[in-house]
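Examining the three-dimensional arrangement
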Amino acid sequence: ARALSVTATGSNKVYDGNTTDVVSLADNRVSGDVLTLANSAANFADKNVGTAKTVNVTGISVTGPDAGNYSFNSAATTTANISQRPITLTADDKTKIYGTTDPTLTFTAEANSTNRGLVGNDTFTGALNRTVGENVGSYSINANALANGNYAVTAANGILSIEKNLLVDNAVRSAQQQVSTGTNAVAAGSITGTSPNTIPSPAQSAGLSPIISQPTSPTTNVIQSGGLVFVQVADSAANTPTETGSAGGAALAALATTGGTDTSGFMRVFVVRGGINLGGSSEPPPP
């Protein structure tokens, strides 16, 4: 029998998570002979992206009217490329209330379709990160650090929205109103505007500070630390004792009468909701 050399040519492909390849076969038959070539498998050494990767072709068969005149090889090797698979990774939009910890940042991978999108349960290295800031507003969530060598990643950023803590915001404003007027008579109302937070009506707000209308701008001069909210307020009921002698005594008396708090070193503390833990005590805070 005449020796027949069967060779294979591999096909380049986009990463698909598999090692399989499609090859074409050729031979050096005598001109005019009728032969049919086939193979049972063609596989890359691994599934990962690379150039000139070896493809092993096995199970080669030769059939046809003239096949009996030949002996042939049952295996062959060739090379081909596996290129990166395009995918879009989109950082999911998130929302949190001012003063709370960030939610877990997540992303959504483009679904699998022809030659693009996520294959199986493939994962990505790297982490999402966001623009630094804790004030009310919008912050970009960046997905550019996500990577997998088998993918050509297009990153789509998301948005972290920090919204007002409306309960605290309104309680703070209530405290400001109380200090500036010397009274707790704050007009009740409902929260309106674009914020998705819903504040209960006064009847539903038992135990909470009175609710006033949605402010048109964020609260200023407020520091939130260790679970406490410190509010800078102006006490218009106070009279600053600057005079001396008997007049100064009269001014101090007037200050005490009006309940002013403009005395140097004095601080008025409003516990809006909760208590202060001084440490080492298992006793609950007083009501």
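A brief structural summary.

Parameters at a glance
- Residues numbered from 1 in each chain as written.
- Predicted model: local features only at pLDDT ≥ 70, side-chain atom pairs only at ≥ 80, totals over all residues.
- Heavy atoms only, no water.
- Pairing = 2+ DSSP bridges.
- Helix = DSSP H or I, 4+ residues; strand = E, 2+ residues; numbered from the N terminus.
- Axes fitted to C-alpha atoms, helices over the stretch in contact; angles between N-to-C directions.
- Phe/Tyr/Trp six-rings, centres within 6.5 Å; stacked < 30°, edge-to-face > 60°.
- Buried < 20%, exposed > 50% of the residue type's maximum accessible area, 1.4 Å probe, protein only.
- Lys NZ or Arg CZ within 6 Å of the ring centre and 35° of its normal.
- Contact = heavy atoms within 4.5 Å.
- Polar contact = N/O pair within 3.5 Å; in protein donor to acceptor, adjacent residues only side chain to side chain.
- Salt bridge = Lys/Arg side-chain N within 4 Å of Asp/Glu carboxyl O.
- Core = buried A, V, L, I, M, F, W, Y, C linked by side-chain atoms within 4.5 Å.

1. Examining the sheet that holds strand β11 (residues 85–91)
Spatially, three strands are ordered β13-β11-β16 in an open sheet, and the strand pairing comes out mixed. Where the open sheet ends on each side, the last strands, each with one partner, are β13 (107–109) and β16 (151–156). Looking at each pair of strands side by side, their axes are set apart by 25° on average, direction ignored. Summarising the sheet, β11 and β13 pair through three bridges and their orientation is antiparallel. Looking at β13, one finds that L89 is bridged to A109.

2. What to know about the packing of aromatic side chains
Scanning the model with the defined rule gives three aromatic pairs in all. Summarising the aromatic geometry, the rings of Y15 and Y151 are spaced 5.6 Å apart at their centres and angled 70° between planes, so their arrangement reads as edge-to-face. With Y15 in the loop between β3 (13–14) and β4 (24–26) and Y151 in strand β16, this pair connects stretches of sequence that are 136 residues apart. With respect to burial, Y15 and Y151 carry one shared label: buried. On the basis of an interplanar angle of 85° and a centroid distance of 6.2 Å, the ring pair of F107 and F124 is categorised as edge-to-face. Highlighted residues: F107 in strand β13 and F124 in the loop between β13 and β14 (129–130), separated in sequence by 17 residues. Of the residues examined, F107 reaches a relative accessible area of 30% and is grouped as partly exposed. A connected cluster of aromatic rings, assembled from ring pairs, spans Y15, F107, F124 and Y151. Positioned above the aromatic ring of Y139 is the side chain of R130, whose terminal nitrogen or guanidinium carbon lies 5.3 Å from the ring centre.

3. Notes on the environment of T19
Within the element layout of this structure, T19 appears in the loop between β3 and β4. Here the alpha-carbon distance between T19 and N43, two residues 24 residues apart in the chain, equals 5.2 Å. Those residues in contact with T19, other than ones at most four positions away along the chain, are K13, A42, N43, F44, D46 and K47. Only 3.2 Å separates the side chain of T19 from the side chain of N43, close enough to count as a polar contact.

4. What to know about the pattern of salt bridges
Overall, the coordinates contain eight salt bridges when judged by the stated rule. The salt bridge involving E134 is made with K96; its shortest N-O contact spans 2.7 Å. Remark: K96 occurs in strand β12 (residues 94–97) and E134 occurs in the loop between β14 and β15 (137–142); sequence separation between them is 38 residues. Look at E134 and you get partly exposed, because its relative accessible area is 40%. Its relative accessible area of 5% is what places K96 among the buried residues. For the salt bridge of R116 with E110, the shortest nitrogen-to-oxygen distance reads 2.5 Å. Overall, R116 belongs to the partly exposed group, its relative accessible area being 30%. Each member of the salt-bridge network shares a partner with another, and the members are K96, D102, R130 and E134.

5. As for the nonpolar core
V55 and V57 are the most contacted members of the largest nonpolar core, which has 30 residues in total. Elements with a contribution of two residues or more to this core: β6 (41–44), β7 (50–58), β10 (76–83), β11, β15 and β17 (158–163). Those residues in contact with V57, other than ones at most four positions away along the chain, are A8, V23, L25, N39, A41, A42, S74, A75, A76 and T78.

6. Focus on the side chain of R130
With respect to the helices and strands, R130 occurs in strand β14. On the basis of relative accessibility, which here comes to 14%, the residue R130 falls in the buried class. A distance of 2.5 Å separates polar atoms of two side chains, one belonging to R130 and the other to D102. A polar side-chain atom of R130 sits 2.7 Å from a polar atom in the side chain of E134. Residue contacts for R130: discarding those within four places in its chain leaves K96, D102, L105, Y139, S140, I141, L160 and I162.

7. Quick notes on unusual backbone geometry
A positive phi angle is found at A52, which is not glycine, with a value near 50°. Structurally, A52 is set in strand β7. Of the residues examined, A52 reaches a relative accessible area of 53% and is grouped as exposed.

8. Observations regarding the side chain of K96
Side chain to side chain, K96 and E134 meet in a polar contact 2.7 Å long. Setting aside its immediate chain neighbours within four residues, K96 contacts T101, D102, P103, R130, E134, L160, S161, I162 and E163.

9. A few points about the sheet that holds β15
One open sheet holds the four strands; their spatial order is β12-β17-β15-β14, and the pairing between them is mixed. Single-partner strands in this sheet number two, and they are β12 and β14. Taken together, the four bridges between β12 and β17 define a ladder with parallel strand orientation. Residue pairing across strands places I97 opposite E163, the latter belonging to β17.

Such coordinate-based values are descriptive only and should not be taken to indicate function.
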